[in-house]
Amino acid sequence: MLKLIAKRLALLIPTLIGLSILLFAWLRALPGGPAVGLLGEKATPEAIARVNEAYGFDKPILEQYFIYIGKLLRGDFGLSTVTNRPVLEEFINRFPATIELTLFAIAFAVILGVPLGYLAARKRGTAIDNGSVVFSLLGITIPVFFLAFILKYVFSIMWPILPTSGRQDPRIDATHVTNFYVLDGLMTQEWDASWDAFIHLILPGIALGTIPLAIIVRITRASVLQVQNADFVRTAKAKGISTKLIRRRYILRNALLPVVTTIGLQLGLLLSGAVLTETVFGFNGIGKFLRDAIFALDYPVLQGFIIFIAIVYSLVNLIVDVSYGLIDPRVRAS
């Protein structure tokens with residue numbers, strides 16, 4: 001298992017090098033050069049000269065690349081042209097919000113999706129199965145922002161039982177230690193702050209988790225249907241093994257491999273920034289920060305975000321590979 005982890009981490013190096021080359025070339029391919037891209041409407045000849053000198057854009061191209069790589073290795077993604085603060089610092093401040101929202105959304109999707117998909121496979125051809133298929137199709141086709149507005153209207157306007165925006169009620173004097181608001185409340189024993197942060201996650205978490213939920217239902221259903229007709233399941237039945245044991249150890253466990261892959265991909269996608277959900281609910285995470293950077297043409301933020309996505313997806317894929325070994329002994333043996 002350690003050999004697998006080391007191999008996956010080693011593969012991360014050429015991936016990031018290739019990505020750095022693409023980003024380096026992209027920034028310098030902007031109309032007018034990188035200085036014009038960074039300055040935008042403020043791109044006067046004097047300002048362009050100052051930026052070229054400050055960022056080293058007037059140096060030979062190979063020297064520029066090695067300077068760029070050196071900054072990345074030090075965690076220096078540059079300064080945001082909007083906030084004038086380090087991009088890495090902005091990510092660190094906002095990423096806990098996205099992690100909290102993502103964990104709630106993926107937990108919502110997995111807790112409902114896996115049992116529902118398994119039940120639909122067991123009840124194939126019944127109303128439960130047909131209803132799960134219709135539900136999964138609706139979950140995939142309804143746009144996230146549209147569902148978000150419906151949830152806000154129903155549960156915040158028609159029935160004002162859940163908050164509409166933000167991470168926490170500003171009237172609560174909460175102590176923030178880690179910027180994970182729910183965890184901070186538990187650590188400081190500020191139970192009201194922790195509960196308030198949790199209920200602020202419900203609506204955006206459901207809106208964000210609906211598409212992964214629908215996908216997990218469909219993948220689980222298809223995987224269980226395929227496994228329960230396999231030869232080893234029929235052999236287990238012929239040996240007189242109890243139905244409960246067959247379902248738990250033979251069917252569900254073997255059906256989980258493609259489900260775990262799906263969960264990993266969805267987790268990486270959600271962690272990379274739920275732009276629409278965070279924008280609609282005013283949730284100050286990575287997604288909203290990215291949306292603001294796109295409209296402001298904040299190229300250092302966009303560049304850092306792309307590298308960040310690559311690292312997140314690589315680490316999530318590593319976790320998925322390790323989980324294969326925990327679920328299926330054959331993977332460990334190979």
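Residues numbered from 1 in each chain as written. Predicted model: local features only at pLDDT ≥ 70, side-chain atom pairs only at ≥ 80, totals over all residues. Heavy atoms only, no water.

Asks: Help me out: how do you make sense of the overall build of the chain in this one?
Replies: Secondary structure summary: the chain contains 15 helices and 0 strands in total. Taking all 334 residues of the chain together, 43% fall into the buried category. In the chain, the proportion of contacts linking residues at least 24 apart, taken out of those at least 6 apart, comes to 71%. For the chain, the exposed surface amounts to about 18000 Å²; the carbon and sulfur share of it is 67%. (Helix = DSSP H or I, 4+ residues; strand = E, 2+ residues; numbered from the N terminus. Buried < 20%, exposed > 50% of the residue type's maximum accessible area, 1.4 Å probe, protein only. Contact = heavy atoms within 4.5 Å. Areas by Shrake-Rupley, 256 points an atom, 1.4 Å probe, with all protein chains shown as cover.)

Asks: What am I meant to see in the packing of aromatic side chains here?
Replies: Each aromatic ring pair is characterised by the separation of its centres together with the angle its planes make. According to the stated counting rule, one finds 7 aromatic pairs in the structure shown. On the basis of an interplanar angle of 65 degrees and a centroid distance of 6.0 Å, the ring pair of Tyr65 and Phe66 is categorised as edge-to-face. Residue classification places Tyr65 among the buried residues on the basis of a relative accessible area of 14%. Of the aromatic side chains, those joined through ring pairs into one cluster are Tyr65, Phe66 and Tyr68. It is Arg94 that lies over the ring of Phe289; its NZ or CZ is 4.3 Å from the centre. Cation over ring: Arg167 sits above Tyr181, and NZ or CZ is 3.7 Å from the ring centre. (Phe/Tyr/Trp six-rings, centres within 6.5 Å; stacked < 30°, edge-to-face > 60°. Lys NZ or Arg CZ within 6 Å of the ring centre and 35° of its normal.)

Asks: Please clarify how the nonpolar core should be interpreted in this entry.
Replies: Inside soluble globular proteins, nonpolar side chains tend to come together where they are buried. Counting 30 residues, the largest nonpolar core has Leu201, Leu208, Ile216 and Phe281 as its most contacted members. If you list the elements that add at least two residues to this core, you get α5 (87-122), α7 (144-158), α8 (181-187), α9 (191-227) and α11 (243-271). The element best represented in this core is α9, accounting for 10 residues. Discounting residues that sit within four places of it in the chain, Ile216 has contacts with Ala109, Val110, Gly113, Val114, Val259, Thr262 and Ile263. Among the nonpolar cores identified, the runner-up in size contains 28 residues, and Tyr68, Leu271, Ala293 and Val320 belong to it. (Core = buried A, V, L, I, M, F, W, Y, C linked by side-chain atoms within 4.5 Å.)

Asks: What am I meant to see in the packing of helix α10 (residues 231-238) against α11 here?
Replies: Pairs of packed helices are described in terms of their axes, by the angle between the two and the distance that separates them. At a minimum axis separation of 11 Å, α10 and α11 run at an interaxial angle of 175 degrees. Taken together, the axes of α10 and α11 lie roughly antiparallel to each other. Across the interface between the two elements, Phe232, Val233, Ala236 and Lys237 of α10 pack against Ile246, Tyr250, Ile251 and Asn254 of α11. For the contact of α10 with α11, the residue count by class is 6 nonpolar, 1 polar and 1 charged. (Axes fitted to C-alpha atoms, helices over the stretch in contact; angles between N-to-C directions. Parallel < 35°, antiparallel > 145°, perpendicular 65-115°, else oblique. Nonpolar A, V, L, I, M, F, W, Y, C, P; charged D, E, K, R; others polar.)

Asks: Any chance you could explain unusual backbone geometry here in plain terms?
Replies: At Asn179, a position not held by glycine, the phi torsion is positive, near 70 degrees. In this structure, Asn179 sits in the loop between α7 and α8. Of note in this structure, Gln189 is not a glycine but carries a positive phi near 60 degrees. Along the polypeptide, Gln189 turns up in the loop between α8 and α9. In this structure Gln189 comes out as exposed when scored by relative accessible area, which is 56%.

Asks: Quick question: what am I supposed to make of the pattern of salt bridges here?
Replies: Any two side chains of opposite charge can pair, on the condition that their charged atoms come close. Applying the stated criterion across every chain, the model contains 8 salt bridges. Salt bridges sharing partners connect three or more residues here, namely Arg85, Glu89, Glu90 and Arg94. (Salt bridge = Lys/Arg side-chain N within 4 Å of Asp/Glu carboxyl O.)

Asks: When you look at α9 in this model, what are you seeing that I'm missing?
Replies: For α9, built from 37 residues, the straight-helix expectation of 54 Å at 1.5 Å per residue is missed by more than 12%, its first-to-last C-alpha distance being only 45 Å. At Gly209, α9 shows its maximal bend, which comes to roughly 40 degrees, and the proline Pro212 appears one to four places after that position. (Expected span 1.5 Å × (residues − 1). Bend = angle between axes of the 7 residues up to and from the residue.)

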